[in-house]
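Architecture at a glance
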Amino acid sequence: MSDKVAFITGASRGIGKACALELAKAGYNVVINYLGDEKLAQDTVKEIEAFGVQSGAYHFDVSNKEETAASMAKIIEKYGRIDVLVNNAGITRDGLFIRMTEENWDSVIDINLSSAFYVSNPVVKVMIKQRSGVIINMASIAGVYGNAGQANYSASKAGLIGFTKSLAKELGSRGIRVNAIAPGFINTEMTKNLDTSKIVEFIPLKKMGEAEDIAKTIRFLAEEGTYITGQVIGIDGGLVI
Ligand code: NAP
C-alpha cells in the first residue's frame, strides 16, 4: 500500500473528481471533500478505491472557517501526511457588476479564495514538517484576463494566483511547490448551460476541454514537475493566445 496522500476539495464531480481518479491511478491515497451530494461523493470514493488505494469523503463547506479547521484536523490525524493538495472547490455567481449583489460577491470570494487560506493553512504546517509537498490551486483564465459578467469570479481567481505566487516564494526553501492551473472552457456542470457552439469558434483547438485534460496536468505537476513552482498553467485549447 502506497503512503502518498492527496487531498482535493470539491471532488465529488467535475474537475476535482477527474483529478482524484488520476492521482489514485498514480498510486496516491486520495481523500476528497464535497458539499452537496453525499451519493456522488461516495461513488467517487468507490472509483478511487478500485485503483487499490485508500480513500475517504469529508463533508464540509470550505468557506466555513470552523468546519474546515475541524475537518482538516481529522484528516491530518487519520492520514498523517499530505503530499498533494488541490484547492479545487469553486462556484460561479455571474452577473453584470452594476447588478451584482453583495451576497453573490461574498459567496464567490469566500468559496473560491478564502477557502484556499482555510484549507492550506493546516496543510502547509504538515508539509513544512515533511519538508515536501505540492499545492495546486484551481484558478481560471478569468483570473488572468478578466471576463465581463464575472467581476466576483475573476477577482477570486486572480486572488488565488497572487496567493500561489506568494506561497511559492515563501515555501520553496521548504521543498514545497505551489502552482495554479488556469482552465479555459471545460465540460462540467459549471459550463453545462453555456452555448458552447459559439465559444468553440474562438478556441484554436475547436473543442471544449475535458476534466481529464486538467487531471493529467495535475498528475504531471505532482509527479514530474519537480522544478516548476509559482506558475500559472493555462489549459484552454489556445483560447487566450
Ligand atoms: P463543478 O462540476 O460545479 O464542481 C464543483 C465542485 O466544488 C463540486 O464537487 C462541489 O461539491 C464543490 N463545492 C462547491 N462549493 C463548495 C463548498 N462551499 N465547499 C466544498 N465543496 C464545494 O465545477 P468544475 O467545473 O469541476 O470546477 C472545478 C474548479 O475548476 C472550480 O474552482 C472552477 O472555478 C474551476 N474552473 C472550471 C472551469 C470550467 O470550465 N468548468 C473553468 C475554469 C476554472 P458538491 O457538488 O458536493 O456541492
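Quick caveat, the model's predicted, so the values are computed rather than measured. (Residues numbered from 1 in each chain as written. Predicted model: local features only at pLDDT ≥ 70, side-chain atom pairs only at ≥ 80, totals over all residues. Heavy atoms only, no water.)

Here we look at the overall build of the protein chain
Within the protein chain one finds eight helices and seven strands. Taking the principal axes of its C-alpha atoms as reference, the protein chain extends roughly 45 × 40 × 35 Å. In the protein chain, which comprises 241 residues, the share counted as buried stands at 51%. Considering only residue pairs separated by 6 or more positions, the protein chain has 73% of its internal contacts joining residues 24 or more positions apart. Working note: accessible area of the protein chain is about 11,600 Å², and carbon and sulfur atoms make up 53% of it. Treating the 26 positive side-chain charges of the protein chain as one cloud and the 27 negative ones as another, the clouds have centres 5 Å apart. (Helix = DSSP H or I, 4+ residues; strand = E, 2+ residues; numbered from the N terminus. Buried < 20%, exposed > 50% of the residue type's maximum accessible area, 1.4 Å probe, protein only. Contact = heavy atoms within 4.5 Å. Areas by Shrake-Rupley, 256 points an atom, 1.4 Å probe, with all protein chains shown as cover. Lys, Arg positive; Asp, Glu negative; His and termini not counted. Charge placed at Lys NZ, Arg CZ, Asp CG, Glu CD.)

What about the site of the ligand?
The full set close to the ligand counts 32 residues, and Arg13, Gly36, Asn88, Tyr153 and Thr188 are the nearest of them. One of the side-chain nitrogen or oxygen atoms of Lys157 is found 2.9 Å away from an oxygen atom of the ligand. Protein burial of the ligand: of its 900 Å² of free accessible surface, 94% is covered by the chains. Elements with a contribution of two residues or more to the shell around the ligand: α1 (14-25), β2 (29-34) and α6 (151-171). Its residues assigned to classes, the shell around the ligand comprises 16 nonpolar, eleven polar and five charged. (Near = heavy atom within 4 Å. Polar contact = N/O pair within 3.5 Å; in protein donor to acceptor, adjacent residues only side chain to side chain. Nonpolar A, V, L, I, M, F, W, Y, C, P; charged D, E, K, R; others polar.)

A look at a negative patch on the surface
A cluster of acidic residues, Glu102, Glu103, Asp106 and Asp110, forms a negative patch at the surface. Residue class for Asp106 comes out partly exposed when judged on its relative accessible area of 33%. (Patch = residues over 30% accessible without salt bridge, like charges linked within 9 Å, V, L, I, M, F, W, Y side chains within 5 Å. Salt bridge = Lys/Arg side-chain N within 4 Å of Asp/Glu carboxyl O.)

Let's talk about the environment of Val5
Tracing the backbone shows Val5 in strand β1 (residues 5-8). C-alpha separation for the pair Val5 and Ala24, spaced 19 residues apart in sequence, amounts to 9.4 Å. In this structure, Val5 is in contact with Tyr28, Asn29, Val31, Tyr79, Arg81, Ile82, Asp83 and Val84, ignoring residues within four places of it in sequence.

So, the sheet that holds strand β7 (residues 232-235)
Pairing is parallel in the open sheet, where seven strands are placed in the order β3-β2-β1-β4-β5-β6-β7. One side of each edge strand has no neighbouring strand; the edge strands of this open sheet are β3 (55-59) and β7. For this sheet, the mean angle separating the axes of adjacent strands, direction not counted, is 20 degrees. Pairing geometry for β1 and β2, over four bridges, is parallel. Within β2, the residue paired with Ala6 across the bridge is Val30. Each of β4 (84-87), β5 (133-138), β6 (176-183) and β7 touches helix α8 (residues 211-223); the most contacted strand, β6, lies at about 165 degrees to it. (Pairing = 2+ DSSP bridges. Axes fitted to C-alpha atoms, helices over the stretch in contact; angles between N-to-C directions.)

Observations concerning unusual backbone geometry
Positive phi outside glycine occurs at Arg131, with the angle close to 60 degrees. Note on placement: Arg131 falls in the loop between α4 (102-130) and β5.

Considering the packing of aromatic side chains
Any two aromatic rings considered together are summarised by their centre-to-centre distance and by the angle between their planes. In total, this model carries two aromatic pairs according to the counting rule given. Between Phe7 and Phe60, the aromatic rings sit 6.5 Å apart at their centres with planes inclined by 10 degrees, giving stacked as the arrangement. You can see Phe7 sitting in strand β1 and its partner Phe60 sitting in the loop between β3 and α3 (65-79), a full 53 residues away along the chain. Of the two residues, Phe7 and Phe60, both sit in the buried class. Centre to centre, the rings of Phe117 and Tyr118 are 5.8 Å apart; their planes meet at 55 degrees, and the pair counts as tilted. Exposure remark for Phe117: the relative accessible area of 48% places this residue in the partly exposed category. If you follow Lys4 out to its NZ or CZ, it ends over the ring of Tyr28, 4.2 Å from the centre. (Phe/Tyr/Trp six-rings, centres within 6.5 Å; stacked < 30°, edge-to-face > 60°. Lys NZ or Arg CZ within 6 Å of the ring centre and 35° of its normal.)

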